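As a plain string of letters, each chain reads:
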Amino acid sequence: MSSSDILDVLNIQSGSKSDEPSAKRQKLNSVSGSSTTTTTTSTTTTTGATDSSDFKGTGISRELYQLLGQNTPPILLKQQSKFKDKALDKVTPWHWAKFQNKSRKDGLNLRHWNKGSDALNTAAYKFEKYNTKGYDVPSFTKEDYEEFLAENDKEEEETGETEETEAAWGYEETQYLFHLVQVYDLNWIEEETGETEAAWGYEETQYLFHLVQVYDLNWIVLYDRYKYQGRRLEDLKERFYTVCQRILIHRNEKSSTNANSNLITNLNYNKAKELERKEYLERLLARTPAEIAEEESLLIEAKKYEIAAKKTIAERAQLLQLLDSPVSSSASIEQYLTSQGLTQLYNTLMTTKSKRKQTDNVPENPLTALNERLKLTPQQVQSQQSQQQAATQAASSVPHAHAQRKVNPLSTLLSKNLTKKEEQQYGIQIHTEKLPQGVYLRSSKIPQFKTSIQAKINTSLAELGVGVKPTMPTAIVMSRYEELVKNLGLVLELKRQVDKLESGR
Amino acid sequence: MAPQPSPTKRIKTLSLSCPIIYGNTARLLTAEERASPSLQNSNHTHKWTVFVHHPTLDDTLLTPYIKKVTFKLHDTYNNSNRVIEQLPFEVTETGWGEFDIVIRIHLCPELGEKANLTITHRLQLHPYGSQVLPPGEDKEKQIIRSVQYEEIVFNEPTEVMFERVTKRPGNLIPEKPSASPAAVANFEGDMCPLDANTQFSKMLERQELHRLNAALGKVSKQVEILRTAIVDKRKDDISRNVADHQ
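Residues numbered from 1 in each chain as written. Chains lettered and ligands numbered in written order. Predicted model: local features only at pLDDT ≥ 70, side-chain atom pairs only at ≥ 80, totals over all residues. Heavy atoms only, no water.

- Under an unreviewed UniProt entry, the name given to chain B is Protein AF-9 homolog, and the organism recorded is Wickerhamomyces pijperi.
- Taken from UniProt, the Subcellular location (unreviewed entry) comment for chain B reads in full: "Nucleus". (UniProt positions renumbered as here; feature names shortened; annotations may be inferred.)

- The name given to chain A in an unreviewed UniProt entry is SWR1-complex protein 4, with the source organism recorded as Wickerhamomyces pijperi.

### Re the sheet that holds strand 7 (residues 117-122) of chain B
Residue and element names in this part refer to chain B.
Move 1: Strand order in the open sheet formed by 4 strands is 4-3-6-7, with antiparallel pairing between adjacent strands. Two strands bound the open sheet, and with one partner strand each, they are strand 4 (81-84) and strand 7. Strand-to-strand twist across the sheet, computed as the mean angle between neighbouring axes with direction ignored, equals 20 degrees.
Move 2: Where strand 3 (residues 66-72) and strand 6 (residues 100-107) come together, 6 bridges link them in antiparallel fashion. (Pairing = 2+ DSSP bridges. Helix = DSSP H or I, 4+ residues; strand = E, 2+ residues; numbered from the N terminus. Axes fitted to C-alpha atoms, helices over the stretch in contact; angles between N-to-C directions.)

### Comments concerning the side chain of B:Glu150
Move 1: Along the polypeptide, B:Glu150 turns up in strand 8 (residues 144-155).
Move 2: Contacts of B:Glu150, omitting those with residues within four sequence positions, involve A:Leu441, A:Arg442, A:Ser443, A:Pro473, B:Cys18, B:Pro19, B:Ile20 and B:Tyr22. (Contact = heavy atoms within 4.5 Å.)

### What about the nonpolar core?
Move 1: Ranked by internal contacts, the top residues of the largest apolar core, which has 40 residues, are B:Trp48, B:Tyr65, B:Phe71, B:Ile103, B:Ile105, B:Ile152 and B:Phe154.
Move 2: Counting residues in hydrophobic clusters, the runner-up holds 23 residues, among them A:Val485, A:Leu490, B:Leu216 and B:Val219. (Core = buried A, V, L, I, M, F, W, Y, C linked by side-chain atoms within 4.5 Å. Buried < 20%, exposed > 50% of the residue type's maximum accessible area, 1.4 Å probe, protein only.)

### Brief notes about the pattern of salt bridges
Move 1: Taken as a whole and assessed by the stated rule, the structure comprises 17 salt bridges over all chains.
Move 2: Two residues, A:Lys271 and A:Glu238, come together in a salt bridge whose shortest N-O distance is 3.4 Å. One end of the pair, A:Lys271, is in helix 12 (residues 271-285); the other, A:Glu238, is in helix 10 (residues 233-255), with 33 residues separating them in the sequence.
Move 3: On the basis of relative accessible area, A:Lys271 is assigned to the buried category, the value being 12%.
Move 4: The salt bridge partner of B:Asp100 is B:Arg122, with a shortest N-O separation of 2.7 Å. In this pair, B:Asp100 is assigned in strand 6 and B:Arg122 in strand 7, connecting sequence segments 22 residues apart.
Move 5: A relative accessible area of 39% places B:Asp100 in the partly exposed class.
Move 6: Counted as one network, the salt bridges with shared partners bring together A:Arg232, A:Asp235, A:Glu238 and A:Lys271. (Salt bridge = Lys/Arg side-chain N within 4 Å of Asp/Glu carboxyl O.)

Here's what the structure looks like:
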C-alpha cells in the first residue's frame, strides 16, 4: 500500500506528480528546521524551486535521500547541534595551588589542584576543620598526686578491704593465688582472679595520661599499646576517669568555684557494669547455632501463645454477648404447665440457689460493701461501727494478721468515704455483671443485629424520635438505649411469629 | 507504706468511665485568607479543626490516660496521618470537601491496657438541619460544629489506672447547657468546639433519658399487644384442632 492509496481512502486530493517531492521536502524542512516534535502531515504546495540540493539540511546523504521515495520516514531527524554548543563553553580553570596543613608543625608547603582562579584560593585548607584539636586532658604534678590522689587511693583501698571482709582469705586460696602469680608472672588479666588489683602508682598514672594524649582517647588503640603492666581496658578507663574527676574536684576546692560540675558527674565510670556488659556481649557472640535456633523457636512459640490467647478472649467475648441477648420467653408459663416442664424448672431453680450460696461465701468487693453500708440508716451504721471496732481490737491483739493486711489504692479511696455523688464525679460504677476486662468506647456496646433487622430497627427508632446513636452515651443512657433496642428486636421477632401463625391458618 | 499500684492487677466488678468529646469545627475562609499565598490549594473554601477534648474543655483531665491521638486525614493531604502527642489533641487544616477522619486514641502504656480506641468522624463543613441559617444572615462568620460525646470505659481497670483517675474528679459534666461560659470564653483559638448553648450537660442527658423512656414505654406496650395476640391465636388453633378431631 502506498501513500497515494491512503490519500485515496481518506478522500484527499493529491496534487500533481511533480508536486509530491516538494511536499515531502517541505515536511523534512519543517522537521529539521525546528527541533520541536511536530508531526505535520500537511500537504500544502510549496512555491519554492524543486531542486534536489535541499537534502543538505536534512543530514542525510544524497543517495539515501533519493532512495526515500514517496514514503517519508516517520522518524524525526534532529540537528545535532546541542553537543557542539556545550563544547564551545568556556573551560573552567583549574589551578595548581599551594597550601599548608595547619595540623603540621613543620610548615610544609603542599600543592593540590583547585577549581577557579588563583586569586580565590587564599581560603584556608578545606579539610582543616576535621583536624582533631586534642582533648583538654588535665595534667598533674608529682606534688599534686601526693597531695590528693594517693590519699584517695589509700582511702579506697581501706574501704575496699572493709567491704571484702565477708570473703575471708583462707590458707589454700592464698597459696593458690601465689602459685598463679608465679605461673603467670604477675599478668593479672590472664589470671582473672580479679579479687585484688595491682595498685596504681604515680608513674603508671602519668604514663596512662601520656598515652591518652598521644592516642587521643582511642581506648582500643591505647589498650593495645599499653606496655606498663597487664591491665584490663576497663581498669585503664576507670583510672583515667576517676583521676580526672579528682583533679577537677581538687581544682574546684582550691579556687572554691563550682565549675565543670556537669563534667564531674559525667566522669563517674561504672567499671562493674561495663565489664558485665562486655561479658553479655561476648556471651551473645558465643552462642551456638543450636542455641540461636532454640531462641527463635521460643520466640515463635511465645507469639503463638499470644495469638491463641487473643483468640480465646475474642471467643469468650462472643459467647458472653450471646448470653447477653434478650430472653425471648414469648410463651410465658405455658412451657412449665406439663409435669416434665415443672421438674425442669425445679432443677434450674435448685442449681441457681446452690450457686448463690457459693458466691455468698466469696469475700465481697470492698466498694460494694461500702455502698451497702451507705444505704443503711445512721443508727445501723453506728451499731455496725461499734461492732467493727470490737473486731479490730480483737484483730490487733494478733499482730501477725494485722501486719499482713495490705494497703492498696482501694482502701485509700475507701478512707475518703465516697458518697454516691462523688462516685459519679470520678466516673466510678460498680456492677455485678461479668463484662470482659479492658477498655472500650461506651457507644461501641450498642447491640447489633443482622443488617436487614438493623435497618428496620433504625426506621422504628426514627419513628420514635430517637437517634440511631444516642447523643450522650453515658452509662444510664446506654443501658436504657440498649433495653429499647433489644425490645425493638423483640417486637420484630414477635411480629414475624404473628405473621407465621396467620399464614399457617 | 502503700504498695505501688500494679499495672496488671485489676479491680473486679468496677468500671471507670472517662468522658470525651470529639468532632470538628469549621468556618468559611475569609477573602484575605483565600488570597494569601500560605493557602496550600486555591480551591480550599473552609478552615476546619478536628479535635478530641474533655467535655469541660479542661484537657489536662485527659492526660492521665491518653498518650497521643492520631488523626488519619484524607490521602490527598500532606502527611495524612497526623500524630498529636501534646495538648491540645487537634488538627487544623483547610479544605473543600467532607470526608471520614479516623481518630485513634492511644492510651498510656503504663495503664496495662493493650487496646487502642478508634473512632470514625465524618468531617462536616456545611450546615444542615437546624444549623442552616435563614437567608440574609451572615454565613461568613458562622462556625459549624459537629461534636459527639463519648465515654471511654475502663472495665475492671488496673490499679494504676484507678489511681490516676481518682486523683481528680474527671467525670464532671456541667449541670445546665450554658453552665460553664468561662470554659468557652477561655478557649484558645478562634473556633470553640462548644457553642454557649449546646454543651453536653446533665440536662441534655436527662432530656435524652426522658425521650428514651417514652419510646421504651411505647415499645413495651407493643410487645404486650403482640404477645397476647400470639397467645390468643395459639388458643384458637388448639380449640380448632380439637373441634376438627371431634
